Amino acid sequence: MSRFLGIDWQLIADNHEILLGGLQYSLTLTASSMAVGIVLGCLLALARLSSITPLRLFAAGYVNLFRSIPLVLVIFWFYFLLPFFGFKLGPDKSVFITFAIFEAAYYCEIIRAGIQSISKGQVGAAQALGLTYAQSMRYIILPQALRNMLPLLLTQTVVLFQDTSLVTIIGIKDFMGANVVVASNNGALKEMYTFAALAYFCVCFPLSMLLKKLHKRIAVIR
Amino acid sequence: MIEINKVSKWYGDFQVLTDCSTSVAKGEVVVVCGPSGSGKSTLIKCVNGLEPFQSGSISVEGTSVGDAKTDLPKLRAKVGMVFQNFELFPHLSITENLCLAQEKVLGRSHAEAMEKGLKLLDRVGLKAQAAKFPGQLSGGQQQRVAIARALAMDPIAMLFDEPTSALDPEMVNEVLDVMVQLAKEGMTMMCVTHEMGFARKVANRVIFMDRGAIVEDAAKDDFFGQPRSERAQTFLSKILHH
Ligand SMILES: Nc1ncnc2c1ncn2[C@@H]1O[C@H](COP(=O)(O)OP(=O)(O)OP(=O)(O)O)[C@@H](O)[C@H]1O
Ligand SMILES: [Mg+2]
């Protein structure tokens, strides 16, 4: 009776604590890396659009670097190699930093496109009122850019949420990691991996659809 | 108050402004007209340093605009500007549009800024719209808010770049009325516009530009009576017969 979709739901219920704990870990990691990633992404986007050449080159280098290497490698790098340089961060901190700086590269490109989509006239109007460059960015350009790009930023965050499952490979009990533990403790690989897939799908698919609709709506309003 | 002296500007090889010289005295209203692409917007944007220029000089109340040492934001805060496309900030409410620069640039308290903003909003006849967002207003209303926003900074002069040319015909007058009122109160104004009725009513001088140069710079009555240049005559007869 407790079997449905080929999954033993009694097993899930029995292990709900560890699974929920894992889910909470995944969500927290996603939310905190998103927050820091978007702030870093804003700074990088401003640097990429800056008239100061070294700043622009640095930001371009940063973005191109992180968009060209696999995320797993960055996770390994921070987790296994940093201790050799004297930074002992532990798994939780090291994956948080990894995701924040890795995702910043992707957020940066979205925010940059957002800034560039604001008309030059808005910048002119802000400057004509006496706002400095920094003030025009802070009060006029960035708020509009972020608002217009919100659906894309959140879509990127859905991808980030899926990517956080990679932390399982360094032994963290995120949602995926919790499934792995339950699976091996109960010899229920097939069941638990099906359940995990189902759970990720049920969270991510509706969210993506919703965001797609929102993006279209915002494009229409503009 | 505004002195423009032999200003030239290039976009790459293309010369947009050629040796433009003129001045606007305190309390004077100067209308700038000319065919599309003649450099009117570029010239007026040079006055508050929104566009850089390569040679010549512009000074506003003695402050040189082209000087690298000049604090441009500070200078711009003293010169109001109104744009063809209004350029209200769409993510801010009308009152926020009016208050932002007063608070961030002039350092006024929110209460002070609000009081000033609402007074000006009332003056342009839009007090009832204070809580709305720009997108909820008509073009004419938006432009009046834009004028109020510029006035809130207590500018020493106002620059207008075709303030009515993006408006539906029935909204042109509500904006012109505000501008006429302003002119009558003695505001120093430099207006790019093709509204010759406005020029006739309040302008002291009319400047005619063609291909980046100031071709004619004459007292209003001389300009409408008998422009010296043939190009100004042709241009006038074209827009007056429309
Ligand atoms: N960023 C730019 N790069 C190159 N050329 C430009 C640029 N901006 C303007 N121009 C050119 O400079 C010339 C003058 O432009 P400007 O906008 O000052 O003309 P205008 O007299 O205001 O015309 P309009 O009545 O259409 O507003 C035009 O030929 C225009 O194509
Ligand atoms: Mg123009």
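Above: the structure in question.
The rules behind these values
- Residues numbered from 1 in each chain as written.
- Chains lettered and ligands numbered in written order.
- Predicted model: local features only at pLDDT ≥ 70, side-chain atom pairs only at ≥ 80, totals over all residues.
- Heavy atoms only, no water.
- Helix = DSSP H or I, 4+ residues; strand = E, 2+ residues; numbered from the N terminus.
- Rg over C-alpha atoms; globule rule 2.2 N^0.38 Å.
- Buried < 20%, exposed > 50% of the residue type's maximum accessible area, 1.4 Å probe, protein only.
- Contact = heavy atoms within 4.5 Å.
- Areas by Shrake-Rupley, 256 points an atom, 1.4 Å probe, with all protein chains shown as cover.
- Lys, Arg positive; Asp, Glu negative; His and termini not counted.
- Charge placed at Lys NZ, Arg CZ, Asp CG, Glu CD.
- Core = buried A, V, L, I, M, F, W, Y, C linked by side-chain atoms within 4.5 Å.
- Near = heavy atom within 4 Å.
- Polar contact = N/O pair within 3.5 Å; in protein donor to acceptor, adjacent residues only side chain to side chain.
- Buried area = accessible area lost by both parts, 1.4 Å probe.
- Salt bridge = Lys/Arg side-chain N within 4 Å of Asp/Glu carboxyl O.
- Nonpolar A, V, L, I, M, F, W, Y, C, P; charged D, E, K, R; others polar.
- Phe/Tyr/Trp six-rings, centres within 6.5 Å; stacked < 30°, edge-to-face > 60°.
- Lys NZ or Arg CZ within 6 Å of the ring centre and 35° of its normal.

Draft legend 1. Inspection of the overall build of chain B at higher detail. Summing up its helical and strand segments, chain B has nine helices and ten strands in all. In terms of C-alpha radius of gyration, chain B reaches 18 Å, essentially the compact-globule figure of 18 Å for 242 residues. Projected onto its principal axes, the C-alpha positions of chain B cover 50 × 45 × 30 Å. Taken over 242 residues, chain B has a buried fraction of 56%. Across chain B, the fraction of contacts at a sequence separation of at least 24, relative to all contacts at a separation of at least 6, is 64%. Put simply, chain B shows about 10600 Å² of open surface, and 48% of that area lies on carbon and sulfur atoms. When the 27 positive and 29 negative side-chain charges of chain B are each reduced to one mean point, those points stand 2 Å apart.

Draft legend 2. Representation of unusual backbone geometry. Residue and element names in this part refer to chain B. Backbone geometry places Asp19, a non-glycine residue, at a positive phi of 45 degrees. Mapping Asp19 onto the fold places it in strand E2 (residues 14-24). Residue class for Asp19 comes out partly exposed when judged on its relative accessible area of 46%. Phi at Glu87 is positive, roughly 55 degrees, even though this residue is not glycine. Following the sequence through the fold, Glu87 ends up in the loop between strand E6 (79-82) and helix H3 (94-104). For Glu87, a relative accessible area of 12% translates into the label buried.

Draft legend 3. Summary view of the nonpolar core. Ranked by internal contacts, the top residues of the largest apolar core, which has 79 residues, are A:Ile111 and B:Met190. If we ignore the near neighbours within four places in the chain, the residues touching B:Met190 are B:Ile4, B:Val24, B:Val30, B:Val32, B:Leu43, B:Ile44, B:Val47, B:Met158, B:Leu159 and B:Phe160.

Draft legend 4. Here's a closer look at the site of ligand 1. All names here are of chain B. Surrounding ligand 1, one finds Tyr11, Phe14, Val16, Pro35, Ser36, Gly37, Ser38, Gly39, Lys40, Ser41, Thr42 and Glu162. Ser38 is positioned such that a nitrogen or oxygen atom in its backbone is 3.1 Å from an oxygen atom of ligand 1. Here an oxygen atom of ligand 1 and a side-chain polar atom of Ser41 are 2.6 Å apart. For ligand 1, whose free accessible area comes to 640 Å², the fraction covered by protein is 59%. For the shell around ligand 1, the secondary structure elements donating two or more residues are E2 and helix H1 (40-47). Here the shell around ligand 1 takes three residues from H1, the largest share from any one element.

Draft legend 5. Geometry of the interface of chain A and chain B. Each partner contributes to the interface: chain A provides 18 residues, whereas chain B provides 20 residues. With both sides pooled, the region where chain A packs onto chain B buries about 1600 Å², and carbon together with sulfur makes up 66% of that total. A per-residue breakdown of the area chain A buries against chain B is headed by A:Ala128, A:Leu129 and A:Tyr139, which together make up 35% of the total. In this assembly, chain A and chain B are joined by zero salt bridges. Summed over the shared surface of chain A and chain B, the number is five residue pairs in polar contact (both at pLDDT 80 or more). Broken down by element, the side of chain A that touches chain B gets its largest block of residues, seven residues, from helix H6 (residues 120-128) of chain A. Looking at the side of chain A that touches chain B residue by residue, the class counts come to eight nonpolar, nine polar and one charged.

Draft legend 6. Broad picture of the pattern of salt bridges. Under the counting rule described, the total for this entry stands at ten salt bridges over all chains. Residues A:Glu109 and A:Arg48 are paired through a salt bridge, measuring 2.8 Å at the closest nitrogen-oxygen approach. You can see A:Glu109 sitting in helix H5 (residues 90-117) and its partner A:Arg48 sitting in helix H2 (residues 16-48), a full 61 residues away along the chain. What makes A:Glu109 buried here is its relative accessible area of 16%. Its salt-bridge partner being B:Glu51, residue B:Lys9 comes within 3.4 Å of it at the nearest N-O pair. One end of the pair, B:Lys9, is in strand E1 (residues 2-11); the other, B:Glu51, is in the loop between H1 and strand E4 (55-60), and 42 residues separate them in sequence.

Draft legend 7. Looking closely at the packing of aromatic side chains. The full count for this structure, using the stated rule, is 14 aromatic pairs over all chains. Clustering of aromatic rings is evident, with ring pairs tying together A:Trp9, A:Phe161, A:Phe175, A:Phe195 and A:Tyr200. Its end group placed over the ring of B:Phe89, B:Arg149 keeps NZ or CZ at 4.4 Å from the ring centre. The ring of B:Phe224 has B:Arg200 lying over it, and the distance from NZ or CZ to the ring centre is 4.4 Å.

Limitation: the analysis is restricted to geometry and does not speak to function.
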